[in-house]
Amino acid sequence: MERFEDAAAGWQAEFRRNLDLHGARIQCRKGCTQCCHQLFQITEPEAAVISGAVKQLPEAERADLQARAGAYLPRREAIMREHGLLEAWGHLPPEGTRLACPALGDDDGCRIYESRPLICRKYGIPLYNPLRPGRLFACELNFQPGDEIDDPQLVQIQTGLYDDWKRTQEDYNARGGRRDEMPISVARAILEDFDL
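Throughout what follows, the structure given in this document is the object of discussion. Source: prediction; values computed, not measured.

**A word on the overall build of the chain**
Argument step 1. Broken down by element type, the chain carries six helices and two strands.
Argument step 2. The order of α-helices and β-strands along the chain, N terminus first, is α-α-α-α-β-β-α-α.
Argument step 3. Taking 2.2 N^0.38 as the reference for a compact globule, 196 residues should give roughly 16 Å; the C-alpha atoms of the chain span a radius of gyration of 17 Å, in line with that estimate.
Argument step 4. Dimensions along the principal axes, computed over C-alpha positions, put the chain at roughly 45 × 35 × 35 Å.
Argument step 5. Put simply, the chain has 196 residues, and 41% of those count as buried.

And the structure:
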């Protein structure tokens, strides 16, 4: 879990660096739920962090969160079927497919904010993935396709963060951490016991 906290801190620093660099272009703040409606998958270590945090919630809050997660899963499955897809690692519906995360509260705040997965911590700023070096990803509320992003440090910093997280996952696997054949969503992490 220390490694997860280090990774989260690294992405928090990178997010702040991008806020300083890009200023008003970054619209990310409480109340903006653009990223909270994306369909994505998370890793086992991230699921373990969420699962552990959910166990610490007061019973009524935990029950409500679990009810939302239980309602989310069949809706997600139906969306996948609509697009002719089965839930599998790396398979997601087309861009623009939306479904509110079960952790999104009625006040548009995240109910698991402190234990949220890494994608939630970094979404919004320009993102570089070393496995897809020809493209930067960014929230369309902040950057439009074709927008120039002048940041000579981005590739080096984010490649380092990517490599650190890859090592964290390798350590998790080497220590016998739970591996799951089915893709993991925030909803599954809320409902199931992934805690270490």
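That covers the picture; the talk isn't over yet.
**A closer look at the pattern of salt bridges**
Argument step 1. Inspection of every chain in the model, using the stated rule, returns 15 salt bridges.
Argument step 2. The salt bridge involving Arg 188 is made with Asp 180; its shortest N-O contact spans 2.8 Å. Accessibility classification places Arg 188 together with Asp 180 in one group, the buried group.

**Examining the packing of helix α2 (residues 44-55) against helix α5 (residues 154-174)**
Pairs of packed helices are described in terms of their axes, by the angle between the two and the distance that separates them.
Argument step 1. With their axes 9 Å apart at the nearest point, α2 and α5 run at an angle of 75° to one another. In terms of axis orientation, α2 runs roughly perpendicular to α5. Contacts between α2 and α5 involve Glu 44, Pro 45 and Glu 46 from the first element and Trp 165, Gln 169 and Tyr 172 from the second.
Argument step 2. Within the contact of α2 with α5, the residues separate by chemical class into three nonpolar, one polar and two charged.

**Some remarks on the nonpolar core**
Argument step 1. In this structure, Ile 42, Ile 50, Leu 65, Ala 103, Ile 112, Val 186 and Ile 190 are the most contacted members of the largest nonpolar core, which totals 22 residues.
Argument step 2. Listing elements by their share of this core, those giving two or more residues are α2, α3 (59-82) and α6 (186-191).
Argument step 3. Apart from the residues within four sequence positions on either side, Ile 112 is in contact with Ile 50, Val 54, Leu 65, Ala 103 and Val 186.
Argument step 4. By size, the runner-up hydrophobic cluster in this structure holds 13 residues, among which are Phe 4, Trp 11, Leu 118 and Phe 143.

**What about the state of the cysteines?**
Argument step 1. Enumeration over the complete set of coordinates arrives at zero disulfides.
Argument step 2. Summary of cysteine pairing: Cys 32 is not part of a disulfide, and the nearest cysteine sulfur, belonging to Cys 139, is at 6.1 Å.
Argument step 3. Counting only cysteine sulfurs, Cys 101 is the nearest neighbor of Cys 110, a cysteine outside any disulfide, at a range of 6.4 Å.
Argument step 4. With a relative accessible area of 33%, Cys 110 lands in the partly exposed category.

**Considerations on unusual backbone geometry**
Argument step 1. For Asp 108, which is not glycine, the phi torsion reads 65° and is therefore positive.
Argument step 2. Locating Asp 108 in the fold gives a position in the loop between α3 and α4 (118-122).
Argument step 3. Classification of Asp 108 as partly exposed rests on a relative accessible area of 34%.

**Overview of the environment of Pro 45**
Argument step 1. Inspection of the secondary structure assignment puts Pro 45 in helix α2.
Argument step 2. Sequence separation between Pro 45 and Met 1 is 44 residues, and the spatial gap between their C-alpha atoms is 7.8 Å.
Argument step 3. Contact partners of Pro 45, with chain neighbours within four places excluded, come to Met 1, Trp 165, Gln 169 and Tyr 172.

**Some remarks on the side chain of Asp 151**
Argument step 1. Take Asp 151: it is sitting in the loop between β2 (136-137) and α5.
Argument step 2. Polar contacts involving the side chain of Asp 151 include one to the side chain of Arg 17, which spans 2.7 Å.
Argument step 3. A polar contact is formed between the side chain of Asp 151 and the backbone nitrogen of Leu 154, at a distance of 3.3 Å.
Argument step 4. If near-sequence neighbours (up to four positions away) are discounted, Asp 151 is found in contact with Arg 17, Asn 18 and Leu 21.

About the cut-offs
Numbering of residues starts from 1 in every chain and runs along the sequence as written. Side-chain atom pairs in this predicted model are given and counted only at pLDDT of 80 or more, local residue features only at pLDDT of at least 70, and totals for whole chains, interfaces and linings cover all residues. Excluded from the side-chain calculations are hydrogens and water; all other atoms, namely the structure's heavy atoms, are used. Runs of H or I in DSSP of at least four residues are treated as helices and runs of E of at least two as strands, each being numbered from the N terminus. It is over C-alpha atoms that the radius of gyration is taken, and the globule rule equals 2.2 Å times the number of residues to the power 0.38. Only protein chains enter the accessibility calculation, which uses a 1.4 Å probe; a residue is then buried when its area is under 20% of its type maximum, exposed when over 50%, and partly exposed in between. Take a side-chain nitrogen of Lys or Arg and a carboxyl oxygen of Asp or Glu: if they are within 4 Å of each other, that pair is a salt bridge. Inter-axis angles, ranging from 0 to 180 degrees, are taken between N-to-C directions of lines fitted to C-alpha atoms, where helices are fitted over the stretch in contact. Relative orientations are named as follows: roughly parallel for angles under 35 degrees, roughly antiparallel for angles over 145 degrees, roughly perpendicular for angles from 65 to 115 degrees, and oblique for any other angle. Any two residues having at least one pair of non-hydrogen atoms within 4.5 Å are treated as being in contact. Under the grouping applied here, Gly and all other residues not named as nonpolar or charged are polar, the nonpolar ones being Ala, Val, Leu, Ile, Met, Phe, Trp, Tyr, Cys and Pro and the charged ones Asp, Glu, Lys and Arg. Buried Ala, Val, Leu, Ile, Met, Phe, Trp, Tyr and Cys residues that are joined via side-chain atoms within 4.5 Å together make up what is termed a nonpolar core. Disulfide: a pair of cysteine sulfur atoms within 2.5 Å of each other. Between N or O atoms, a polar contact is any pair within 3.5 Å; within protein, one atom must be a potential hydrogen donor and the other a potential acceptor, and residues adjacent in sequence are included only when both atoms are from side chains.

Taken by themselves, the reported measurements are silent on function.
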